[in-house]
Amino acid sequence: MPTIKISRAQNGSAALDYALGKNRLKDSDKEYLVKHGVDPKIVDNLHNRAVVQQSYNLIDINHAKAEMKQTRAIANNRGKTQCMRFIQSFADYEINVNDPQDWQKANDIGLEIAQKIAPDNEFAIYTHIDGEGHKVHNHIIMNMTNLETGKKYHHTNDFVRVAKFNDELAEEFFPMNRNMNVQNQIERKTMAERKLKAKNQYIWKDDLRHRIDSVMLHENCTSKLQFEHALKEKGVIYRERGKNCSYSFLDANNKQRTSRGNKLGQDYEKETINDELVGQNNKLQFRKQRADRQEYIRNFNRQPEANTRKPKLYSRRARQGHNFAEYYYQPTIQRTEFIETNNRQTKQYDEKSRQSYQTARTEQPDLSRNQSTLNALFEKIRRNLRAAIKYEVQRIKEVTKRALSKLDSFFMDDRLSDEGYSNIQNNITDNHLDMNKSIKELKQQRDVFKQTDQKYQISKKRKIIDQESPNFKRQHRRQRMRGPHL
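Reading the values: the criteria
Residues numbered from 1 in each chain as written. Predicted model: local features only at pLDDT ≥ 70, side-chain atom pairs only at ≥ 80, totals over all residues. Heavy atoms only, no water. Helix = DSSP H or I, 4+ residues; strand = E, 2+ residues; numbered from the N terminus. Buried < 20%, exposed > 50% of the residue type's maximum accessible area, 1.4 Å probe, protein only. Contact = heavy atoms within 4.5 Å. Axes fitted to C-alpha atoms, helices over the stretch in contact; angles between N-to-C directions. Parallel < 35°, antiparallel > 145°, perpendicular 65-115°, else oblique. Left-handed = near helix turned anticlockwise from the far one by under 90°. Nonpolar A, V, L, I, M, F, W, Y, C, P; charged D, E, K, R; others polar. Lys, Arg positive; Asp, Glu negative; His and termini not counted. Salt bridge = Lys/Arg side-chain N within 4 Å of Asp/Glu carboxyl O. Phe/Tyr/Trp six-rings, centres within 6.5 Å; stacked < 30°, edge-to-face > 60°. Arc of directions from axis to C-beta.

Caption draft 1: How the structure looks around the overall build of the chain. Helices and strands together make up the secondary structure of the chain, namely 16 helices and 8 strands. Taken over 486 residues, the chain has a buried fraction of 31%. Long-range contacts, defined as pairs at least 24 residues apart, comprise 66% of the intrachain contacts of the chain with a sequence gap of at least 6.

Here is the structure:
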């Protein structure tokens, strides 16, 4: 799987010059290509370190420095960083350094990842084949100015996002190399280690890996304490630091060496070591249980000779023990049939549950419509009741007002006798009684409606709450349920 690195360039022109490497391709690199089968005519035409180059959102790749500088000047972008630099490296089994067509393929992959990183920025993609390991790698230079907004590229700690794009392209272009990549990640070896190995010289990291492997291959190493004690006997000190771990020892040259687990490879990291210790512990427990079962069966077969005095009692206990051993320690047809029956019943139950769920989903719209209809009906009754009370009170007030005004006019004209005064007073009293009676009846109707409201638990939002729902108590605690406010 290709790897990618990110860095910032304070001088964009210098970054572009380094990536192009004009007339800087070494003769040793040309000899390497010719020696490994590349056409000499193609090699003679190579002068720059960048064997393939192309641009994105630029008019001409040969004038990349001037175009990027002009873009930054127009947008008035200031700051230390002028460009972002992405270095994308490929493994030998992904891109063949001796095939010029693979050079163009690597450059096209760099163009695609550039489009994913920032589709509105300017990019210059250069492909190199030089270096100590002759690995094909891309130098992707991105201008910080966005062509659409004129703003600078702001992605602090953007490695996770860019690495995700890189992995997606690896899955697309190299789907068959996934297992090879996993195998290579087991042991991480630097270029210096490879050179020492080619010369058959001592490599202290390989020595450290060999000591750790010899401890992990021991069957009795099943806990962290046993692992640390066994490493001490091998001269290695194990320490844990957060999510990682480190190993320290004296190498063959009597020099103190320390390395973290992730620098040695995946097999030497903290989580991997813990998983292997747990696995070895489980295997040891399984062996002990298996030995106990075999010992139990041997003792069971010897018991009839030692227990001949109580044949009836022994035969019953022996039969129980035999059934127990047969059930727990030997797979039988009955247990298999029981498991199959249980699985069949579980599938039937799942099918019934799925059908019940589908039925409830189909009935849900009807319940929602009924609920909205009932809410509308309650709201209509509430409005009518409020209007009726208001109308009765207003009517009785008007009648009382007219009677009092007539009574005042009679007093002013001195035309009211005592009998007439008493009749008018009685009419006013009757009107008050009628008003109180009407209000009392309406209040009774309101109480009935309030009881109905409480029965169906109508909230302030005029929505019915199902008392059987799991959220009823929580909603009931949050807001107090009340009847209509008249």
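Caption draft 2: Highlighting the packing of helix α1 (residues 12-20) against helix α4 (residues 64-75). Contact geometry for α1 and α4: axes closest at 10 Å, N-to-C directions at 155 degrees. Considering the angle they form, α1 stands roughly antiparallel to α4. The chirality of how α1 crosses α4 is right-handed. In this structure, α1 contributes S13, L16 and D17 to the contact, and α4 contributes A64, K65 and M68. Its residues placed into classes, the contact of α1 with α4 shows 3 nonpolar, 1 polar and 2 charged.

Caption draft 3: Structural detail: the environment of T272. Position of T272 relative to the elements: it lies in helix α12 (residues 270-306). Considered as a pair, T272 and G261 are 11 residues apart in the sequence and their alpha carbons are 9.7 Å apart. For T272, the contacting residues outside a window of four places in its chain are Q266 and D267.

Caption draft 4: Here's a closer look at the side chain of D29. Within the fold, D29 resides in helix α2 (residues 27-35). No salt bridge is formed by the buried D29. Its closest oppositely charged neighbour is K26, at 6.0 Å. Those residues in contact with D29 that lie beyond four places of it in its chain are D130, G131 and H134.

Caption draft 5: Structural detail: the packing of aromatic side chains. Counted by the stated rule, this structure contains 6 aromatic pairs. With centroids separated by 6.3 Å and ring planes inclined at 35 degrees, the aromatic side chains of W204 and F249 adopt a geometry described as tilted. Of this pair, W204 sits in helix α9 (residues 204-216) while F249 sits in strand β7 (residues 244-250), placing them 45 residues apart in sequence. Classification of F249 as buried rests on a relative accessible area of 1%.

Caption draft 6: Region of the structure containing α2. Among the residues of α2, those classed as buried are D29, K30 and L33. For α2, the angular spread of buried residues about the axis comes to 100 degrees, placing them on one side. What points out from α2, more than 90 degrees from its buried face, is the exposed set D27, E31 and K35. Its buried side turned inward, α2 meets α3 (40-44) and α5 (100-117). A positive backbone phi angle near 95 degrees is found at G37, which sits one or two residues after α2.

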